[in-house]
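# Architecture and fold: a report
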Amino acid sequence: YRLHRRVLRNRRSEELAGLLPGRAGLCFFYAPSDIASGQLADALENWRSAAAAFVWGKEVSAKAASLGQVYNLLLEACFCDPYALFWCVQERLRPGHRGAERFGPLISPDSVSLLKDVPIFNSEKDLLREMLALMPIVSTSEESQFAAVHQEISRRFTTNTRIALFATSPDRADRAYGYLRTSMRGRVFRHSVEDESWCAFLDTPNGLLVCDHRAEEGLNLQGGRTVLLHIDFPLSPNRIEQRMGRLDRFGVGFPVESLGFMPGGCALLDAWVNCLDGAWQVFDRSIAALQFIVDDNMKAVKARLLSEGEQALRDEAARLVGEHGIIAKELKSLRAQDELDAVDVIRNAEQDVTEQILEWENQSTIFQRCLESWLVERLQFIRVGENAMGDNVARYHFRS
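On a predicted model such as this, the values are computed, not experimentally measured, just so you know.

### Focus on the pattern of salt bridges
Evaluation of the coordinates by the stated rule reveals 24 salt bridges. Arg175 serves as the salt-bridge partner of Asp81, at 2.7 Å between the closest nitrogen and oxygen. Taken together, the positions of Asp81 in the loop between α3 (62-80) and α4 (82-93) and Arg175 in helix α8 (residues 170-184) put the pair 94 residues apart, joining distant regions of the chain. The same class applies to Asp81 as to Arg175, namely buried. Its salt-bridge partner being Arg92, residue Glu124 comes within 2.7 Å of it at the nearest N-O pair. Of this pair, Glu124 sits in helix α6 (residues 124-132) while Arg92 is found in helix α4, placing the two residues 32 residues apart along the sequence. What makes Arg92 buried here is its relative accessible area of 4%. Via salt bridges that share partners, Asp81, Arg102, Glu142, Asp171, Arg172 and Arg175 belong to a single interconnected network.

So this is what it looks like as structure tokens:
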């Protein structure tokens with residue numbers, strides 16, 4: 001426990017306020033004409049209600065757990081990339097589709113197996129087809145979403161502001177890049193791990209960098225005034241923390257501003273973003289030190305999403321906040337652990353000094369012999385004892 005805490009602990013305390021930029025919170029914007037997102041969210045909610053009814057009274061069974069995992073997969077896809085959701089629906093109806101890798105972590109190989117192996121419940125196929133029927137209007141609506149992103153960028157920011165746009169899905173990031181490159185001309189870059197031409201963004205005062213999940217770790221985007229634009233919110237506070245860490249770094253003077261695009265009509269997404277922003281407060285402070293408690297709580301929440309839906313997220317936010325909330329208790333424990341570690345460091349340092357002194361004293365004869373070999377035999381000094389020639393206390397005179 002303590003080893004892990006020491007390795008992962010990030011000391012972003014008040015004492016470091018002058019070295020870290022801090023975080024300036026999250027502002028939202030919407031696409032006024034976006035109605036398809038709400039329809040898709042409603043269709044997924046219908047699926048959840050039917051699945052929860054199917055396992056009613058057996059919520060702790062393996063069948064319920066498997067369906068819960070399928071729902072979590074569909075829900076995060078809905079939050080991050082509707083095209084990933086449609087891929088999952090098609091795979092659920094008829095397994096064997098290709099191309100899941102273009103959606104990044106939204107659809108892993110294990111997710112593909114899950115979609116194929118978990119049995120279809122009663123009425124599920126009809127509900128999946130209802131979702132799939134929304135694909136045309138969702139496709140049309142996405143262009144209005146990207147248009148809203150462009151308008152917000154143009155309205156809010158001056159020529160001295162850079163923007164790092166994050167999307168989880170590489171496919172959605174590509175689609176956003178294609179639209180914004182045309183509308184913004186020449187100053188839009190696409191992050192790539194294979195091609196470093198995007199690095200020109202770092203020297204472009206008013207540039208826009210479009211990133212997917214691969215840019216969430218190991219990338220330094222600090223310098224000047226750079227704003228994070230989130231066009232999705234994955235079901236992982238730690239993933240959001242990683243995004244924030246691309247700008248929240250030592251030596252940067254500007255607080256990290258976050259701007260979030262919110263699809264309309266999705267109550268579950270609203271509840272989730274409220275949990276991120278109001279409870280975890282990941283847009284206002286670092287939660288790097290809370291990694292373990294984040295993981296534990298997210299496992300518990302995801303286990304309840306199928307049966308409780310939006311209420312599970314509302315309850316989670318309530319448990320996290322407040323003087324006696326989970327986060328406050330964990331932060332108190334971390335501060336206590338820091339104090340104990342500080343005592344150990346002092347004690348260990350004192351012990352090390354004591355051991356070194358004793359070691360030197362045990363070797364005093366060797367040191368004296370080496371010193372006198374240099375002074376007397378090489379430099380020709382004369383050794384004079386305090387009372388006699390063999391005294392341990394002596395002085396050395398240059399031979400004239």
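From this point, the narrative continues.
### Concerning the environment of Pro32
Assignment of secondary structure puts Pro32 in the loop between β1 (23-29) and α2 (36-54). The exposure class of Pro32 is exposed, given its relative accessible area of 83%. In sequence terms Pro32 and Ser144 are 112 residues apart; their C-alpha atoms lie 8.6 Å from each other.

### Notes on empty space enclosed by the protein
For the coordinates displayed, the defined rule picks out three cavities of 30 Å³ or more. In this structure, the largest cavity spans a volume of roughly 150 Å³. Around the largest cavity, the lining comprises 15 residues; the ones closest to its centre are Ser37, Cys78, Pro82, Gln145 and Pro263. Counting residues per element, the lining of the largest cavity draws most heavily on α2, which supplies four residues.

### Focus: the sheet that holds β1
The parallel open sheet is built from six strands, whose spatial order is β1-β6-β5-β2-β4-β3. The open sheet has two free edges, formed respectively by β1 and β3 (188-190), since each of these has just one partner strand. Sheet twist, expressed as the mean angle between neighbouring strand axes with direction ignored, is 20°. Packed onto the sheet, α8 meets β2 (161-166), β3 and β4 (208-211) and runs at close to 160° relative to β3.

### A word on unusual backbone geometry
Not every positive phi belongs to a glycine, and Ser123 is a case in point at roughly 75°. Turning to its location among the elements, Ser123 is positioned in the loop between α5 (109-117) and α6. We note that Gln380 has phi near 65°; this positive angle belongs to a residue other than glycine. As for its placement among the helices and strands, Gln380 is situated in the loop between α14 (364-378) and β7 (381-385). The exposure class of Gln380 is partly exposed, given its relative accessible area of 37%.

### As for the side chain of Arg304
Of note, Arg304 is situated in helix α11 (residues 291-308). Of note is the side chain of Arg304, whose polar atom sits 3.4 Å from the side chain of Asp315. With residues up to four places along the chain from it excluded, the contact list for Arg304 reads Gly309, Ala312, Asp315 and Arg319.

Cut-off values and rules
Residues numbered from 1 in each chain as written. Predicted model: local features only at pLDDT ≥ 70, side-chain atom pairs only at ≥ 80, totals over all residues. Heavy atoms only, no water. Salt bridge = Lys/Arg side-chain N within 4 Å of Asp/Glu carboxyl O. Helix = DSSP H or I, 4+ residues; strand = E, 2+ residues; numbered from the N terminus. Buried < 20%, exposed > 50% of the residue type's maximum accessible area, 1.4 Å probe, protein only. 1 Å grid on protein atoms, 1.4 Å probe; cavity = no way out; pocket = protein on both sides within 12 Å on 5 of 7 lines; lining within 4 Å. Points joined across faces, edges and corners; volume = space filled by probe spheres on them. Pairing = 2+ DSSP bridges. Axes fitted to C-alpha atoms, helices over the stretch in contact; angles between N-to-C directions. Contact = heavy atoms within 4.5 Å. Polar contact = N/O pair within 3.5 Å; in protein donor to acceptor, adjacent residues only side chain to side chain.

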